[in-house]
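Remarks on the overall topology
Single-letter residue listing:
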Amino acid sequence: MTDTTPQHRAQIDVTTWSDASSRAALDLVASSVAEMVGFEIAIISVVRGEVMYSVSVEGSNEAVQAMLGLATPVSMIESELARADDWGRFRFVPHDRLANDDHLAAFGWVPDLTPLDTADAWDPLDLLIAPLYGEDGDMIGLLSIDVPLSGRRPGRTQRHLLERYAAQAERTLRVAFERDALAERLRLAEVARRVVRFATTQDDLASVLHDCRAPLLEGFRSDYVAIRTYATGDLAPFGTSPTILDEVGAEAVRAMARRAWADERVVVHGDLVAPDPALSEEERAVCQEAITNGGLGSILLVPMGDTLACHGHVALGRKDPLLAWSPDEQRDALEVARDIAHAVVRLRTQERERRLVAELRRLATYRSQLLSTVSHELKNPLAAVLGYAEVLDTLLPEAGDGRRALGALARAATRLGGVVDDLLVLAEVEDPDSAAPTEPFDALPVVLGAIELTRITAARREVTVELTAPEGAVLVCCDAGDLDRVVTNLLSNAIKYSPAASTVSVVLAEHDDEVEVAVRDEGIGISAEDQERLFTEFFRSTNPAAVAEPGTGLGLTICRRIVERHGGRIEVDSTLGEGSTFRVLLPTPA
Ligand code: ADP
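Residues numbered from 1 in each chain as written. Predicted model: local features only at pLDDT ≥ 70, side-chain atom pairs only at ≥ 80, totals over all residues. Heavy atoms only, no water.

**Brief notes about the site of the ligand**
Near the ligand there are 22 residues, and of these Asn-493, Asp-521, Arg-540, Ser-541 and Leu-556 occur at the shortest range. Measuring from an oxygen atom of the ligand, one finds a side-chain N or O atom of Lys-496 at 3.2 Å. Isolated, the ligand exposes 530 Å² of accessible area, and the fraction of that covered by the protein chains is 98%. Those elements giving two or more residues to the shell around the ligand turn out to be α14 (480–496), α17 (555–565) and β19 (579–587). The element best represented in the shell around the ligand is α14, accounting for 4 residues. A class-by-class count of the residues in the shell around the ligand yields 10 nonpolar, 9 polar and 3 charged. (Near = heavy atom within 4 Å. Polar contact = N/O pair within 3.5 Å; in protein donor to acceptor, adjacent residues only side chain to side chain. Areas by Shrake-Rupley, 256 points an atom, 1.4 Å probe, with all protein chains shown as cover. Helix = DSSP H or I, 4+ residues; strand = E, 2+ residues; numbered from the N terminus. Nonpolar A, V, L, I, M, F, W, Y, C, P; charged D, E, K, R; others polar.)

Encoded structure:
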């Protein structure tokens, strides 16, 4: 008792309780009971958590000053009630039966009154109180009266009247509590609404946390708020600053929050709050130091987690130690923190994706630079080899081993040159920094050009090339050189892998939002297994008929990269031994 007295004797500003009309209604009950039953003093107190404080005091100025807003621990009232005489709603504790020695400390004020010299005289230390109950049977308040004008303990008639006033006080208080509960629900629903809005619409964590502060402060009637996320993997901890809890002991706070998350509850610590049994001595000390440093009366530590993990915490603080965190507030705080946690997870996933994309881009750039550097380095010596081969060609005799060796050398160098050229093209189309131009242009001349370019090869192989195209221009969003490369590549392949006297059909067609360029042949076809790897670098078919033809295995990879970087796609449809159709689909200009 002694060590808690200074805090319990705190007097609060009663205007923080409920609303003005509820307070006025209670004032009316208090003044009526005093006037009608004949007492100088009538006090109505309300229960808030572990304490009860007087919100309406009828009586002398001195009494009002001493008693209004005065807090008393509920437990103290309960121990007095236990030894009281039962007068119906009212309980009477004669002065000689008081449980607490220090009556003044418990009830704040002893009237200056000389008892009459009669058996039923009222003693200044007599206690006449009516506990007021809510519908669920919990004590919600107390009506106490003191100093009877008659100087005597109340008789039958007075007691009867008192009974009615106690009932009225209880009704009035219940209504006030219901209004409060409703107002609280509205407040909390509003916090939830605003937090969800910020949590789902904001695109960076700093904004989410910043914007959630105001609704949390207002909705939870708090004077302090801090939101903190914990480090995970490669992502650093993040939060609003300053955080009084972290300053005292960040590790201890995380441990408390994680345990609370596992138990799906909050941690409450305050001057007038019963110690949380789930906390260790040190943890309580951390909370206590934090509220002292922050000039707060109590703090609510809310774990911020989803179903998988605790990602951080929200800490709310109130200066007024008497303003208890209601069960609804505690439950809703958990819900709101969960909404923020979802935002944290969403934004962290986005952040990871962003980093991954940047890393992949960096790797792609590096790969493309490597390809291009190596190819360039090969180009000069290769040109020298081919140049000297030409010189040797003029010097060597018409026939003989030397000329055969030279022929093999020249073929190998030419082939190597093909690989180097393809690698250079691949490096270029793979470079993420070289954006694909998307000026619209007519695809038909490009397709005709490609057919013209492969005309001699086709003729040599006795392959007929046909074209089906619409009248007029077919506009497409693709770089002309790129499209030429793709069509020439597909057409060369079709001719290369076709038997003599067969036909290769090229179709240029316009669909709703795509332009199609299809190359169909009646050649060797591609097995289903090979089709799966067809567009990967250096892939060459296992089909002996295909291996017999020269090639680098880079052509289709280049085609795919070009088509994709113009926002299009490439598809193949093929049956082994019957032929293949390669279809390129590119977006039409907007
Ligand atoms: P390259 O033709 O230089 O080897 P590509 O990337 O153009 O490289 O083709 C990869 C492989 O796909 C070829 O080696 C071949 O086995 C197969 N292929 C491509 N086009 C056809 C086609 N029209 N018919 C049959 N097989 C084909």
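**Overview of the pairing of strand β7 (residues 139–148)**
Within β7, 10 of the 10 residues are buried, which leaves the element mostly enclosed by the surrounding structure. By the bridge criterion, 7 bridges tie strand β1 (residues 39–48) to β7 in an arrangement that is antiparallel. Bridging across to β7, Ile-44 finds its partner in Leu-143. Bridge count for strand β6 (residues 127–133) against β7 is 6 bridges, and the pairing is antiparallel. Note that in β7 the partner of Leu-128 across the bridge is Ile-145. (Buried < 20%, exposed > 50% of the residue type's maximum accessible area, 1.4 Å probe, protein only. Pairing = 2+ DSSP bridges.)

**A short note on the sheet that holds strand β2 (residues 51–58)**
As summarised here, the arrangement of the 7 strands in space is β3-β2-β1-β7-β6-β5-β4, forming an open sheet in which the pairing is antiparallel. Either end of the sheet is taken by a strand with one partner, and the two such strands are β3 (71–73) and β4 (85–87). Neighbour-to-neighbour, the strand axes of the sheet open up by a mean angle of 30°, direction not taken into account. As defined by bridge partners, β2 adjoins β3 across 3 bridges and the pair is classed as antiparallel. Within β3, the residue paired with Val-51 across the bridge is Pro-73. Contacts from helix α2 (residues 20–37) reach β1, β2 and β7, with the element oriented near 65° to β2. Contacting β1, β4, β5 (90–93), β6 and β7, helix α6 (residues 156–201) runs over the sheet at an angle of about 40° to β6. (Axes fitted to C-alpha atoms, helices over the stretch in contact; angles between N-to-C directions. Contact = heavy atoms within 4.5 Å.)

**Brief notes about the pattern of salt bridges**
Applying the stated criterion to the full structure yields 42 salt bridges. In this structure, Asp-401 engages Arg-404 in a salt bridge whose closest nitrogen and oxygen atoms are separated by 2.1 Å. Taken together, the residues Asp-401 and Arg-404, both in helix α11 (residues 401–430) and 3 residues apart, mark about one turn of the helix. Judged by its relative accessible area of 58%, Asp-401 is exposed. Owing to a relative accessible area of 56%, Arg-404 belongs among the exposed residues under this scheme. (Salt bridge = Lys/Arg side-chain N within 4 Å of Asp/Glu carboxyl O.)

**Structural notes on the side chain of Glu-283**
On the secondary structure map, Glu-283 appears in helix α9 (residues 281–293). Among the residues examined, Glu-283 registers a relative accessible area of 7% and is labelled buried. Filtering out sequence-adjacent residues up to four positions away, Glu-283 remains in contact with Ala-252, Ala-255, Met-256, Arg-259 and Ala-278.

**A short note on the nonpolar core**
Val-476, Leu-483, Leu-490, Leu-491, Leu-508 and Val-584 are the most contacted members of the largest nonpolar core, which has 45 residues in total. No other element matches α14, which puts 7 residues into this core. Once residues lying within four places of it in the same chain are set aside, the contact partners of Leu-483 are Phe-441, Ala-443, Val-446, Val-476, Cys-478 and Leu-586. Phe-92, Trp-122, Leu-173 and Leu-272 belong to the second largest nonpolar core, which has 44 residues in total. (Core = buried A, V, L, I, M, F, W, Y, C linked by side-chain atoms within 4.5 Å.)

**Observations concerning the packing of helix α8 (residues 244–262) against α9**
Interhelical geometry of α8 versus α9 gives an angle of 140° and a closest axis separation of 9 Å. Accordingly, the angle class assigned to the pair α8 and α9 is oblique. In this structure, α8 meets α9 at a crossing whose hand is left-handed. Contacts from Ile-244, Leu-245, Val-248, Gly-249, Ala-252, Val-253, Ala-255, Met-256 and Arg-259 of α8 reach α9 at Glu-283, Val-286, Cys-287, Glu-289, Ala-290 and Asn-293. Residue composition of the contact of α8 with α9, grouped by class: 10 nonpolar, 2 polar and 3 charged. (Parallel < 35°, antiparallel > 145°, perpendicular 65-115°, else oblique. Left-handed = near helix turned anticlockwise from the far one by under 90°.)

**Looking at the pairing of strand β16 (residues 503–510)**
Of all the 8 residues making up β16, 6 are buried; the element is thus mostly covered by neighbouring parts of the structure. Examined bridge by bridge, β16 and strand β17 (residues 514–520) share 6 bridges and lie antiparallel to one another. Looking at β17, one finds that Ser-505 is bridged to Arg-520. The turn joining β16 and β17, which pair antiparallel and follow one another in sequence, is formed by 3 residues.

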